Amino acid sequence: MQIASFEHNGQPMYGIRAGAGLRAVSTALRARHPDLLSLLRADALGELAMDTGGASLAMDQVNFLPVIPRPDKTLCVGVNYRPHIEEMGRDVPDYPVVFVRFPGSLVGHDRPIVRPRVSEQLDFEGELAVVIGKSARHVHREAALDYVAGYCCFMDGSVRDWQRHTMQFTAGKNFDRSGACGPWLATSEEVGDPTRLALTTRVNGEVMQQGRLADLLFDVPFLIEYCSTFTELLPGDLIATGTPGGVGAARKPPRWLQEGDVVEVEIPDVGLLRNPVRDE
């Protein structure tokens, strides 16, 4: 299944991708589980699979929300592909470089990401995000994928000058609506082994980044093991796994995002996340 969160006629909803459109969940299912986060917390993906569904909707009839609009936490992993480590001039880390993103820093598919007025250095980072399906604490890597509900595309928009103010990434990674997540959650059963996935980031149709999940320095099972050791991972939590080489900051001259640009993050069998850029 591919499950999206969206607004229709001003009402937040969720539903399943059905052909070229979406099928909203039934009124009865929404009464039990009002949003995708509550569905995951109830371990009720099986109910969704059996749901006869509500209205059929065209993609242009909805406003996409982030896959999980307000997760308990979004953990992001920096410098997790060797080419990106090299282009950013960093040492290979001994442990994952983990930072957080706040819910307000992310938008859904086809929604504008915002270049803040205080900076011209908004950069793109295409990533795969893992969506946790059940509570996880002190999980060993051998069992880690059992805790995954699914995967989605992630655009870790980064305001580079603010990111470099200190050794902490928080400021540069959390400008309002500077990143994106979507278009939907592709369930783990549908995706299978995440190491077979490949990622491409495009700006205005031009390929900027390409990477394979098999090339992660710290793979998905290790990231779940590591993160579940210092915090309890809860249903709906996201782990963004890092970006390949090719970011705008490393180009000569740098390629910063500007108003009117369109960023796409595509991961076959997961989705294609597309966002226009506008100025604050």
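For the structure given in this document, a descriptive report is provided here. Computed from a predicted structure; not experimentally measured.

Considering the overall build of the chain
(1) Moving on: In terms of helices and strands, the chain carries 7 helices and 19 strands.
(2) Moving on: Rg of the C-alpha trace for the chain: 18 Å, near the compact-globule value of 19 Å for 280 residues, within the 12% margin.
(3) Moving on: For the chain, the spread of C-alpha atoms along the principal axes amounts to about 55 × 45 × 30 Å.
(4) Moving on: When the 280 residues of the chain are sorted by exposure, 55% land in the buried category.

A look at the state of the cysteines
(1) Moving on: Scanning all chains against the criterion turns up 0 disulfides.
(2) Moving on: Not part of a disulfide, Cys 76 finds its nearest cysteine sulfur in Cys 181, a span of 9.7 Å.
(3) Moving on: A disulfide-free cysteine, Cys 153 has its sulfur positioned 7.0 Å from the sulfur of Cys 152, the nearest such atom.

Notes on the pairing of strand 1 (residues 2-8)
(1) Moving on: Counting buried positions along strand 1 gives 6 out of 7 residues, so the element sits mostly inside the fold.
(2) Moving on: One ladder, built from 2 bridges, connects strand 1 with strand 14 (residues 179-187); its direction is antiparallel. By the bridge assignment for strand 14, Gln 2 is matched with Ala 186.
(3) Moving on: Where strand 1 meets strand 2 (residues 11-18), 6 bridges bridge the pair, whose relative direction is antiparallel. Paired with His 8 across the bridge in strand 2 is Gln 11.
(4) Moving on: Adjacent in sequence and paired antiparallel, strand 1 and strand 2 are bridged by 2 residues, among which Asn 9 carries a positive phi angle near 55°.

Brief notes about the sheet that holds strand 9 (residues 113-115)
(1) Moving on: Taken in spatial order, the 5 strands line up as 9-19-18-15-16 in an open sheet, and their pairing is mixed. Looking at strand neighbours, the two that pair on one side only are strand 9 and strand 16 (206-212), the edges of this open sheet. The sheet shows a mean angle of 20° between the axes of neighbouring strands, direction not considered.
(2) Moving on: As judged from the 6 bridges shared by strand 18 (residues 262-267) and strand 19 (residues 271-279), these two strands associate in the antiparallel manner. In the sheet register, Val 262 faces strand 19, and the bridge partner there is Pro 276.

With respect to the environment of Gln 2
(1) Moving on: Within the element layout of this structure, Gln 2 appears in strand 1.
(2) Moving on: A C-alpha to C-alpha distance of 4.4 Å links Gln 2 and Ala 186, two positions 184 residues apart in sequence.
(3) Moving on: Not counting residues within four places of it along the chain, the set of residues in contact with Gln 2 comprises Gly 15, Ile 16, Arg 17, Trp 184, Leu 185, Ala 186, Glu 190, Asp 269 and Val 270.
(4) Moving on: Side-chain polar atoms of Gln 2 contact the side chain of Glu 190, separated by 3.2 Å.

The rules behind each value
Residues numbered from 1 in each chain as written. Predicted model: local features only at pLDDT ≥ 70, side-chain atom pairs only at ≥ 80, totals over all residues. Heavy atoms only, no water. Helix = DSSP H or I, 4+ residues; strand = E, 2+ residues; numbered from the N terminus. Rg over C-alpha atoms; globule rule 2.2 N^0.38 Å. Buried < 20%, exposed > 50% of the residue type's maximum accessible area, 1.4 Å probe, protein only. Disulfide = S-S within 2.5 Å. Pairing = 2+ DSSP bridges. Axes fitted to C-alpha atoms, helices over the stretch in contact; angles between N-to-C directions. Contact = heavy atoms within 4.5 Å. Polar contact = N/O pair within 3.5 Å; in protein donor to acceptor, adjacent residues only side chain to side chain.

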